[in-house]
Amino acid sequence: MVCLTGDVHQRSYRGTDTPFSSQTEVALAAKYCDIAGKYGVKVTLLFTGKACQEEPDTVKILSDLPHCEIGGHTFAAFRDPLSRIFKKVYGTPWGTTAHQLRDIQKTIASIQQVTGQRIQTWRNHSYVRTADTDRLLESCGIHVVSDEVSDLKISAEWVRPGYRSVPMNVLPDHEHVLHGKYQHGKTKPERLIHRMPITEWADRVKASIRCICEQGGTATVLAHPMCMDVADGMVVFEELCRYIQPYGTVWLSEVQ
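Residues numbered from 1 in each chain as written. Predicted model: local features only at pLDDT ≥ 70, side-chain atom pairs only at ≥ 80, totals over all residues. Heavy atoms only, no water.

- Per an unreviewed UniProt entry, the protein carries the name Polysaccharide deacetylase family protein and comes from Candidatus Nitrospira neomarina.

**Comments concerning the overall build of the protein**
Move 1: A count of helical and extended segments in the protein gives 9 helices and 8 strands.
Move 2: The globule rule puts the C-alpha radius of gyration for 256 residues at 18 Å, and the 17 Å found for the protein is close to it.
Move 3: Along the three orthogonal principal directions, the C-alpha set of the protein runs to about 45 × 45 × 35 Å.
Move 4: Within the protein, buried positions represent 55% of all 256 residues.
Move 5: Taking contacts inside the protein between residues at least 6 apart in sequence as the whole, the part at least 24 apart equals 71%. (Helix = DSSP H or I, 4+ residues; strand = E, 2+ residues; numbered from the N terminus. Rg over C-alpha atoms; globule rule 2.2 N^0.38 Å. Buried < 20%, exposed > 50% of the residue type's maximum accessible area, 1.4 Å probe, protein only. Contact = heavy atoms within 4.5 Å.)

**Considerations on the UniProt feature "domain: NodB homology" (unreviewed entry) in the protein**
Move 1: In this structure's numbering, the residues bearing the UniProt feature "domain: NodB homology" (unreviewed entry) are residues 29-144.
Move 2: End-to-end, the C-alpha atoms of residues 29-144 are 21 Å apart, and along that stretch the chain is 52% helix and 11% strand. (UniProt positions renumbered as here; feature names shortened; annotations may be inferred.)

**Considerations on the pairing of strand β6 (residues 157-160)**
Move 1: Both β6 and strand β7 (residues 163-165) contribute to a ladder of 3 bridges, which runs antiparallel. Following the sheet pairing, R160 is matched in β7 by Y163.
Move 2: Linking β6 to β7, which pair antiparallel, is a turn of 2 residues; within it G162 sits at a positive phi near 90 degrees. (Pairing = 2+ DSSP bridges.)

**Looking at helix α8 (residues 225-232)**
Move 1: The element α8 is largely enclosed, with a buried count of 6 among its 8 residues.
Move 2: Among the residues of α8, those classed as buried are P225, M226, C227, M228, D229 and V230.
Move 3: Where α8 is buried, its residues touch β1 (2-8), α1 (25-38), β2 (43-47), α7 (198-214) and α9 (235-244).
Move 4: Remark: G233 follows α8 within two positions and exhibits a positive phi of approximately 75 degrees.

**Overview of the environment of V235**
Move 1: Mapped onto the secondary structure, V235 falls in helix α9.
Move 2: For V235, a relative accessible area of 47% puts it in the partly exposed group.
Move 3: Separated by 36 residues in sequence, V235 and T199 place their C-alpha atoms 9.6 Å apart.

**Looking at the packing of aromatic side chains**
Move 1: Applying the stated criterion across every chain, the model contains 4 aromatic pairs.
Move 2: Centroid distance Y32 to F237: 4.2 Å. Interplanar angle 20 degrees. Geometry classified as stacked. Of this pair, Y32 sits in helix α1 while F237 sits in helix α9; the two residues are 205 residues apart in sequence, bridging distant segments of the chain. Judged on exposure class, the residue Y32 and its partner F237 are both buried.
Move 3: The lysine or arginine in question, K42, covers the ring of W251, its NZ or CZ lying 4.3 Å from the ring centre.
Move 4: For R195, the ring lying beneath its charged end belongs to Y182, and the centroid distance is 3.9 Å. (Phe/Tyr/Trp six-rings, centres within 6.5 Å; stacked < 30°, edge-to-face > 60°. Lys NZ or Arg CZ within 6 Å of the ring centre and 35° of its normal.)

**A closer look at the packing of α1 against helix α3 (residues 56-63)**
Pairs of packed helices are described in terms of their axes, by the angle between the two and the distance that separates them.
Move 1: Here α1 crosses α3 at 25 degrees, and the two axes come no closer than 9 Å. Overall, the two elements α1 and α3 adopt an arrangement that is roughly parallel. In the packing of α1 onto α3, the handedness of the crossing is left-handed. Residue-level inspection shows V26, A29, A30 and C33 of α1 in contact with α3, the latter providing T58, V59 and L62.
Move 2: Grouping the constituent residues of the contact of α1 with α3 by class yields 6 nonpolar, 1 polar and no charged. (Axes fitted to C-alpha atoms, helices over the stretch in contact; angles between N-to-C directions. Parallel < 35°, antiparallel > 145°, perpendicular 65-115°, else oblique. Left-handed = near helix turned anticlockwise from the far one by under 90°. Nonpolar A, V, L, I, M, F, W, Y, C, P; charged D, E, K, R; others polar.)

**Here's the deal with the pattern of salt bridges**
Move 1: By the definition in use, this model includes 12 salt bridges.
Move 2: D134 is the salt-bridge partner of R129, the closest N and O atoms lying 3.1 Å from each other.
Move 3: Classification of R129 as partly exposed rests on a relative accessible area of 34%.
Move 4: A salt bridge links E138 to R160, with the shortest nitrogen-to-oxygen separation between them at 2.7 Å. Remark: R160 occurs in strand β6 and E138 occurs in helix α6 (residues 133-139); sequence separation between them is 22 residues. (Salt bridge = Lys/Arg side-chain N within 4 Å of Asp/Glu carboxyl O.)

This is how it looks when you write it as structure tokens:
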């Protein structure tokens, strides 16, 4: 089976790809879902709470799609003033345990207010976590977290009964694809080490999917809507959905 996931940030995020797109990440998430839906591919989209507040109508539409699962991705992807201060003081934007708990609670509440759904899944922005993260997420009703990158694991790991970690065991897109400012002539050459054209990335993803599925595991893919669109207008993403279709797909909440 394959678990296809994507992270969606707020309009005001201003990330790597923002200057290269005229559309918001939420709007591109709708395009992403349209493509996946053509092939019957389930998707799990992990939203920042602020994205839900800024574009509630579109997020609500996406949450009602039968093939789309909604999860959390922090409230503002650490773009709030407190997180910036905590990063300098504590070395992590999470800062204090109390701040991390408030951020999780605020994210869950924002998503529920817009979608009417109580989320179960979560991915920390930039995979940033502390020793308290799992305990705090579990206390807030989150059952599945996916912020570990490991090509050595082919299935979920049970941290505790009722709470599990689903590793991204396929090459994540954002850190490896040539996209946005991470292109030749747009940044320093040393920043492009280990980056590749999206076609090469997709070939490696397909090879990993085939290998993991042959072993009876679940291949968990991270492909951001914004990255997929900026890289080539989601052409390769559609090819990837077509490739994934025969393997069958599951939501993040369904990975065992």
